[in-house]
Amino acid sequence: MCGIVGYVGKKDSLQILFDGLTRLEYRGYDSSGIAFKNGAGIEIYKTSGKLKDLQKILPTPLPAITIGIGHTRWATHGAPSAANAHPHTVKGVSVVHNGIIENYRELRAELAAAGNVFSSQTDTEVVPQLIARYLDRGLPIDEAIRGAVAHLRGAYALGIIHEGTPDTLFAVCNDSPLVIGIGTDAQYIASDVAALLPYTKNFIHLEDRHMAVLRSSGVDLKHVESLETLPIEGKVVTNNWTPAMAEKQGYDHFMLKEIYEQPQGVMDTLREWTDDTNRLMDEMGMTGTIKDLRRLHIAACGTSYHAGLVGRYMIEKFVHMPVAVDIASEFRDMCPSISKGTVLITITQSGETADTLAAQREAKKKGARTLTICNVVGSTTTREADSVLYTRAGLEIGVVSTKAFTAQLAALSLLGIALGTRKGKLSDLEIQTLKAFLLDLPRLIRQALQTDGKVKEIARTLVGAKSMLYVGRGINYPIALEGALKMKELAYIHADGYPAGEVKHGPIALIEDGVPVVFLATIDGLHEKILSSIDEVKARGGRIIVVTDSPAAFHDKADDMIVVPSTHPALVPFVAVVPLQLLAYHVAVIKGCNVDQPRNLSKSIAVDDKCHNIVCSHSGYCRKSIACAVITPDEKKAIANRVVRLMRVSPWEQLSASSLLESSGQQLQKEVHQEQASKGLSTCFESPY
Ligand code: AGP
């Protein structure tokens, strides 16, 4: 999700565009740019990095302008760089874009074959290329824009200025938000009202397939296919929000906004591939891997790990292939043997989580092919993995992950269907059925969001809870884990998730009068078993909260019921997780917890356990050095195992690996020195070699 702004008016400082971008920076901030007319042509400034980096290259003092466009980027196609930053300009046509042009690869190939040269890797650049092509054929600018837009498939909000068309800013949108700000002697465009509130309270939310033609004197609306002029009356709305409020778009917290953005995140993640999952394998460069694919391994942390557990159910169901799932920090320390034909899938919202990164590096070193499912373009895991499958949840600001989770489930279901299709494990009917269910998910998630009121009522009664249990079976078990994690990290209530069948093997001892137990009981072949677990807990005074798609089956058992819509058994987690996110959110808000920045947590844990040797700044690697006196026993064991393997010492000697460590200090120093050198890291101890 990017932020775009545009201005046409009598005369104002470039500051107006820069301030607009600043208010939209929460949408994306990995690169940015501004273009404006300076009387002689179009002046363009673009850079990677935050807006403050753009400010450094802008002329000082900022010039007065009459027309300009700006963009702050959340990279989707082409890593963050000045070349890939917007605006993209071709032959005097300059364009900023928010959204995804699905068929950009075909259009790029066609335009390149016709001799057009591209200067970026973005999907966006096809737009000015196409407009310029129609201008070259002598068409007026609005018809050239119409011609270009007719080729586009996907989501796009566009801001366009043309060197040869004075005092005119064009805006077009389809399935991507764009507002027109109505002023007296100036008109504005922006991705949302946040950017424009200081200048006007009157807005038009541009409808799909409509084009706005803005001049300093006013705004015309046209249908982009017919160019027929459309009435403005009745379209202007007044918005009295404060700028601060606008960033959260009226929600009290970023987390709640992101929970409500899940339908869009799932849709955007599915949109590119649902038509042709086969192309997904090609795009990920995995076609060659399929035939020798023997083993799938997933490694991730926190909420992403829970997505991995759901992914295992989906992939095993669609591909009939065993999938191992590990918590990344355990994966890297267990150093599992990687056999030929293994693909390691890392799942990570940020793409920077150190344990996940280390697991990916470890597996790669051992010859596994690596695929990362990630939400941040250009992040480290995406740069190092052999293949990347992007989730399109957009910028996730809340420390607690919500919309990235359901987008990860969407990516995993796509991967499962693509692998199942290629391996011939899914019939055409199954594929079509699954795709139909997938495309219906955004609607069903919106329905699940309507439980918000009911969930809030239940939340009020949980504020005093000291501990909670979440229980689910099969594909709902990971959702029980996710619900418990949310209650822990947001409301600081100790909560655990368990498979329903496991409760009687211990956790039931925690049940006494009033202990809240959340049961995920969506109708699948397993709900009978859930009924008996409910009875066991109820008999010991537990308070039964049921999340189900079939209230009739549980109405006489549950103390509280949250009803979610039914869907395909392999896709139930998409709807079942929503009330659990809301439950933890409301309990936390009522308890006065900081929902967007919970205590002791950070959005992405990019630093590995820092070297305990205080004089050393290296993270992760160098703490293997003998000089670091305070390495942990586990680390010692892990290092010793490596030395043992290196020195081919028989297993029983492994037991005394730690003594081995002491005695083989010299060997270890050499080994660590080589490893750090191979990673271009200078060692933290003076190497004797
Ligand atoms: C989830 O709400 C937490 N923020 C945390 O568990 C997170 O999922 C974990 O740190 C993994 O982060 P990643 O997806 O960015 O790798």
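Please refer to the structure placed before this passage.
Quick summary incoming for the structure in this document. Computed from a prediction, not measured in an experiment: that's the story for all the values here.

What counts, and where the lines are drawn
Residues numbered from 1 in each chain as written. Predicted model: local features only at pLDDT ≥ 70, side-chain atom pairs only at ≥ 80, totals over all residues. Heavy atoms only, no water. Helix = DSSP H or I, 4+ residues; strand = E, 2+ residues; numbered from the N terminus. Contact = heavy atoms within 4.5 Å. Core = buried A, V, L, I, M, F, W, Y, C linked by side-chain atoms within 4.5 Å. Buried < 20%, exposed > 50% of the residue type's maximum accessible area, 1.4 Å probe, protein only. Salt bridge = Lys/Arg side-chain N within 4 Å of Asp/Glu carboxyl O. Near = heavy atom within 4 Å. Polar contact = N/O pair within 3.5 Å; in protein donor to acceptor, adjacent residues only side chain to side chain. Areas by Shrake-Rupley, 256 points an atom, 1.4 Å probe, with all protein chains shown as cover. Phe/Tyr/Trp six-rings, centres within 6.5 Å; stacked < 30°, edge-to-face > 60°. Lys NZ or Arg CZ within 6 Å of the ring centre and 35° of its normal. Expected span 1.5 Å × (residues − 1). Pairing = 2+ DSSP bridges. Axes fitted to C-alpha atoms, helices over the stretch in contact; angles between N-to-C directions.

Focus: the side chain of Thr-380
Moving on, step 1. Structurally, the position occupied by Thr-380 is in helix α14 (residues 380-384).
Moving on, step 2. Excluding residues within four positions of it along the chain, Thr-380 makes contact with Gly-351, Glu-352, Leu-357 and Arg-361.

Quick look at the nonpolar core
Nonpolar side chains tend toward joint burial in soluble globular proteins.
Moving on, step 1. One finds Leu-415, Met-468, Tyr-470, Met-487 and Leu-583 to be the most contacted residues of the largest nonpolar core, which totals 92 residues.
Moving on, step 2. Setting aside anything within four residues of it in sequence, one finds Leu-415 in contact with Leu-280, Met-281, Met-284, Ile-315, Ile-345, Leu-371, Ile-373 and Leu-389.
Moving on, step 3. Counting residues in each nonpolar core, the second largest holds 28 residues, with Tyr-104, Ile-131, Met-211 and Leu-227 among its members.

Let's talk about unusual backbone geometry
Peptide bonds are mostly trans, and most non-glycine residues show a negative phi.
Moving on, step 1. The peptide bond linking Thr-60 to Pro-61 adopts the cis configuration, its omega dihedral lying at -10°.
Moving on, step 2. Tracing the backbone through its elements, the reader meets Pro-61 in the loop between α2 (51-57) and β4 (64-73).
Moving on, step 3. With omega at 0°, the peptide bond leading from His-86 into Pro-87 counts as cis.
Moving on, step 4. With phi around 55°, Tyr-492 is a residue other than glycine that occupies positive phi space.
Moving on, step 5. Of note, Tyr-492 is situated in the loop between α18 (477-491) and β22 (494-499).
Moving on, step 6. Overall, Tyr-492 belongs to the partly exposed group, its relative accessible area being 25%.

A few points about the pattern of salt bridges
Moving on, step 1. Under the definition given, this model contains 22 salt bridges.
Moving on, step 2. Across the salt bridge formed by Glu-482 and Lys-486, the nearest N and O atoms sit 2.6 Å from each other. Placement of both Glu-482 and Lys-486 in helix α18 is noted, with a separation of 4 residues, approximately one turn of the helix.
Moving on, step 3. Under the relative-accessibility criterion, Glu-482 is labelled buried at 0%.
Moving on, step 4. With relative accessibility at 0%, the residue Lys-486 sits in the buried group.

Regarding the site of the ligand
Moving on, step 1. The full set close to the ligand counts 14 residues, and Ser-304, Thr-348, Gln-349, Ser-350 and Thr-353 are the nearest of them.
Moving on, step 2. A distance of 2.7 Å separates an oxygen atom of the ligand from a polar side-chain atom of Thr-348.
Moving on, step 3. Measuring from an oxygen atom of the ligand, one finds a backbone N or O atom of Ser-401 at 2.8 Å.
Moving on, step 4. Considering the ligand on its own, with 410 Å² of exposed area, one finds that the protein chains cover 93% of that surface.
Moving on, step 5. Elements represented by at least two residues in the shell around the ligand include exactly α11 (302-319) and α18.
Moving on, step 6. The element that contributes the greatest number of residues to the shell around the ligand is α11, accounting for 3 residues.

Focus: the packing of aromatic side chains
Any two aromatic rings considered together are summarised by their centre-to-centre distance and by the angle between their planes.
Moving on, step 1. Throughout the structure, instances matching the rule amount to 4 aromatic pairs.
Moving on, step 2. Connected via pairs of aromatic rings, a cluster forms that spans Tyr-7, Tyr-188 and Tyr-199.
Moving on, step 3. The aromatic ring of Tyr-134 is capped on one face by Arg-137, whose charged end is 5.1 Å from the ring centroid.

Observations concerning helix α20 (residues 573-591)
Moving on, step 1. Between the first and last C-alpha of α20 there are 27 Å, a value that for 19 residues agrees with the 27 Å anticipated at 1.5 Å per step.
Moving on, step 2. Of all 19 residues that make up α20, 16 are buried, and the element is covered over most of its length.
Moving on, step 3. Of the residues trailing α20, Gly-592 is marked for its positive phi of about 75°.

Overview of helix α4 (residues 126-136)
Owing to its 3.6 residues per turn, the α-helix brings residues three or four apart onto one side.
Moving on, step 1. The buried fraction of α4 is high, at 10 of 11 residues.
Moving on, step 2. Tucked into the core, α4 has its buried residues touching β5 (88-90), β6 (93-101), α3 (104-113), α5 (141-149) and β7 (154-162).
Moving on, step 3. Phi for Gly-138, located one or two positions after α4, is positive at around 90°.

Some thoughts on the environment of Val-578
Moving on, step 1. Residue position: Val-578 is located in helix α20.
Moving on, step 2. Placed 127 residues apart in sequence, Val-578 and Thr-451 show a C-alpha to C-alpha distance of 8.7 Å.
Moving on, step 3. Residues in contact with Val-578, not counting those within four places in the same chain, are Gln-262, Ile-445, Ala-448 and Leu-449.

Side note on the sheet that holds β22
Moving on, step 1. A sheet is described by the order of its strands in space; here 5 strands give the open sequence β22-β21-β23-β24-β25, paired in parallel fashion. At either margin of the open sheet sits one strand with a lone partner, and together these are β22 and β25 (560-563). Neighbouring strand axes in the sheet, compared pairwise and without regard to direction, differ in orientation by 20° on average.
Moving on, step 2. Contacts from helix α17 (residues 452-460) reach β24 (543-548) and β25, with the element oriented near 155° to β25.
Moving on, step 3. Sheet strands in contact with helix α19 (residues 527-539) are β21 (467-472), β23 (516-520) and β24, and its direction is about 175° off that of β23.

Details of the pairing of β23
Moving on, step 1. Most of β23 sits out of view: 5 of its 5 residues are buried.
Moving on, step 2. Residues Pro-516, Val-518 and Leu-520 of β23 are buried on one face, and the alternating residues Val-517 and Phe-519, pointing to the opposite face, are buried as well.
Moving on, step 3. Bridging between β23 and β24 involves 5 bridges; their strand directions are parallel. Residue pairing across strands places Val-517 opposite Ile-544, the latter belonging to β24.

Focus: the environment of Ile-161
Moving on, step 1. Positionally, Ile-161 belongs in strand β7.
Moving on, step 2. Here the alpha-carbon distance between Ile-161 and Gly-6, two residues 155 residues apart in the chain, equals 9.2 Å.

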